[in-house]
Structures are given as structure tokens and as C-alpha cells.
Amino acid sequence: MFNFILFGPPGSGKGTQSIKIAEKYGFAHISTGDIFRKNIREKTELGLKVQGIIEKGELVPDELLIEILEDAMDQYPNVSGFVFDGFPRTTQQAHDLDMMLNKREESVSLVLALEVNDDEILTRLLKRAELEGRKDDTKEVIENRISIYNDQTQPLIEFYTEKGKFKSVEGIGGIDDIFKSICEIIDQHK
Ligand code: ADP
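None of these values were measured; they are calculated from a predicted model.

**Q** Before we move on, can you summarise the nonpolar core with the specific residues and values?
**A** In this structure, F36, V50, L69, M73, L97 and Y160 are the most contacted members of the largest nonpolar core, which totals 32 residues. Tallying contributions element by element places helix α4 (residues 62–74) first for this core, with seven residues. In this structure, L6, F27, V83 and I182 belong to the second largest nonpolar core, which totals 18 residues.

**Q** Summarise helix α6 (residues 118–132); cite the residues concerned and give the values.
**A** Between its first and last C-alpha, α6 extends 20 Å over 15 residues, near the 21 Å set by a 1.5 Å rise per residue. Buried within α6 we find I121, L122 and L125. Down the axis of α6, the buried set is contained in an arc of 100 degrees. They therefore lie on one face. For α6, exposure combined with an orientation more than 90 degrees from the buried face picks out D119, T123, K127, E130 and L131. Summarising the contacts, the buried residues of α6 are in contact with α7 (139–153). Directly after α6, the chain includes G133, whose backbone phi takes a positive value near 65 degrees.

**Q** Let's hear about the sheet that holds strand β3 (residues 81–85): which residues, and what values?
**A** The strand order across the open sheet formed by five strands is β2-β3-β1-β4-β5, and the pairing between neighbours is parallel. Here the strands that pair on one side only, and so sit at the sheet edges, are β2 (28–31) and β5 (166–170). Here the average twist between neighbouring strands, direction ignored, is 25 degrees. Across four bridges, β2 lies against β3 in parallel orientation. Bridging across to β3, A28 finds its partner in F82.

**Q** Could you give an account of the packing of aromatic side chains, with specific residues and numbers?
**A** One pass over the structure, following the stated rule, counts eight aromatic pairs. With 6.0 Å between their ring centres and 15 degrees between their planes, F2 and F4 make a pair best called stacked. Overall, the relative accessible area of 7% leaves F2 in the buried class. Residue classification places F4 among the buried positions, given a relative accessible area of 0%. The cationic tip of K20 hangs over the ring face of F179; the distance from NZ or CZ to the ring centre is 4.9 Å.

**Q** Let's hear about the side chain of S12: which residues, and what values?
**A** Tracing the backbone shows S12 in the loop between β1 (2–7) and α1 (14–25). From its side chain, S12 meets the backbone oxygen of P9 in a polar contact 2.7 Å long. Non-local contacts of S12, meaning those with residues more than four positions away in its chain, are made with L114, V116, R124 and G171.

**Q** So, the environment of S168: which residues are in play, and what are the values?
**A** You can see S168 is positioned in strand β5. Owing to a relative accessible area of 32%, S168 belongs among the partly exposed residues under this scheme. Distance in space between the C-alpha atoms of S168 and S181 is 9.6 Å, their sequence separation being 13 residues. The contacts of S168, once residues within four sequence positions are left out, are L112, A113, E115 and I185.

Conventions we followed
Residues numbered from 1 in each chain as written. Predicted model: local features only at pLDDT ≥ 70, side-chain atom pairs only at ≥ 80, totals over all residues. Heavy atoms only, no water. Core = buried A, V, L, I, M, F, W, Y, C linked by side-chain atoms within 4.5 Å. Buried < 20%, exposed > 50% of the residue type's maximum accessible area, 1.4 Å probe, protein only. Helix = DSSP H or I, 4+ residues; strand = E, 2+ residues; numbered from the N terminus. Expected span 1.5 Å × (residues − 1). Arc of directions from axis to C-beta. Contact = heavy atoms within 4.5 Å. Pairing = 2+ DSSP bridges. Axes fitted to C-alpha atoms, helices over the stretch in contact; angles between N-to-C directions. Phe/Tyr/Trp six-rings, centres within 6.5 Å; stacked < 30°, edge-to-face > 60°. Lys NZ or Arg CZ within 6 Å of the ring centre and 35° of its normal. Polar contact = N/O pair within 3.5 Å; in protein donor to acceptor, adjacent residues only side chain to side chain.

So, in C-alpha cells, the structure goes:
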């Protein structure tokens, strides 16, 4: 089983690239952001609980994540791999993920970061705000998300580097060029 984490700041293109990776390799794509947005749209109990948090650009509490992730994985009993998009985002989540995969006699295979600087992210997310009108894409909320990423999610780079599982690629350029770089790295590790 190939357990692949696509890593990077908000707006780095994780969603776009994850879909392409999942399609090419036959992996299941699990985006925690998409799961939360669907729950918000459908006004489920979970959706009502997380809506305010997400609209402020804050992180949903760690203890809610692992169960959601495991449920999502259980919907794909026969895949040869997963692309995790937007998870883990804190060291606690990374530990929880290790424990959960361990239980399944699995482990994280590779963590690949899309490298995009803060200025480019801000520009991209402001543009997305105009196009899609996501409630968490206003300037203040975006700045909050970037700063939360820097404080809480960046430390994962060290966590996975120490395990020898961390790689990165340039996340600025054409979608297909970036996809090609990602595939080259996946192919070296499969
Ligand atoms: P982006 O990567 O563009 O910030 P996502 O779609 O991945 O957006 O996530 C949107 C929001 O959903 C996050 O800002 C956060 O509030 C919440 N969220 C998604 N994944 C997680 C996670 N692993 N832990 C905590 N909160 C999360």
C-alpha cells in the first residue's frame, strides 16, 4: 500500500495535483478540507461543529481528525494507495496517523511538499476568493491560515525529514510540469 502525503501551504495546489495523482496511479484521494466542506454544505452535526472554525481559518481540533480520516479510508477497501491532502497538519495528527496506520500494518510511504512562497500564496488565494467565493479566502483569514501553517504545520517537515520520508518539489510553474516532477519522485519510491 502506498500511503502518500501531499504537503504544502494553503493554496499551493495540493487539491489540483492530488486529483491528478489519484487518477494516474489509481489511488484514493482523501482531502480533509473537502470532507469538512461537504459536511458544512449538508449541515451535518460535524459540519455545524466545524463551520465557524473553518471560516476563521483556524484548525479543526486534532481529536476530530483521525476518526474522519479512518472512516474515509474504509470507504476504499481495495485501493493500492492513498493520497492524503490537507492531513496531517499538526504533529499530533502525524502521530495519530502513524498509530492508525500501524494498527493496519501500514506506514507513511512518502511526504512530498509543494514549495510556494507566502507572496505567491496570498496572490493565488485572493484570486480564488474572487472565483469561488470560499468563506475562508478573505485577506485576514488567508493571513491567519498562512501563519497557522507556518506555526503548526511546518514543523512536520522536520518530523518526516528525520524519518527519511520527506521530499519537495517547486510548486510554481505549469500544472502539468509540476505534476511531472511529482510523478518522477513517486516513481522512484513506489
Ligand atoms: P487549504 O489547504 O487551501 O487551506 P483545505 O481545503 O485543506 O484548505 O482546508 C480548509 C480548512 O479545513 C482549513 O483551513 C482547516 O480549518 C480545516 N482543515 C482541513 N484539514 C484539516 C486538518 N488536517 N486539521 C485541522 N483542520 C483542517
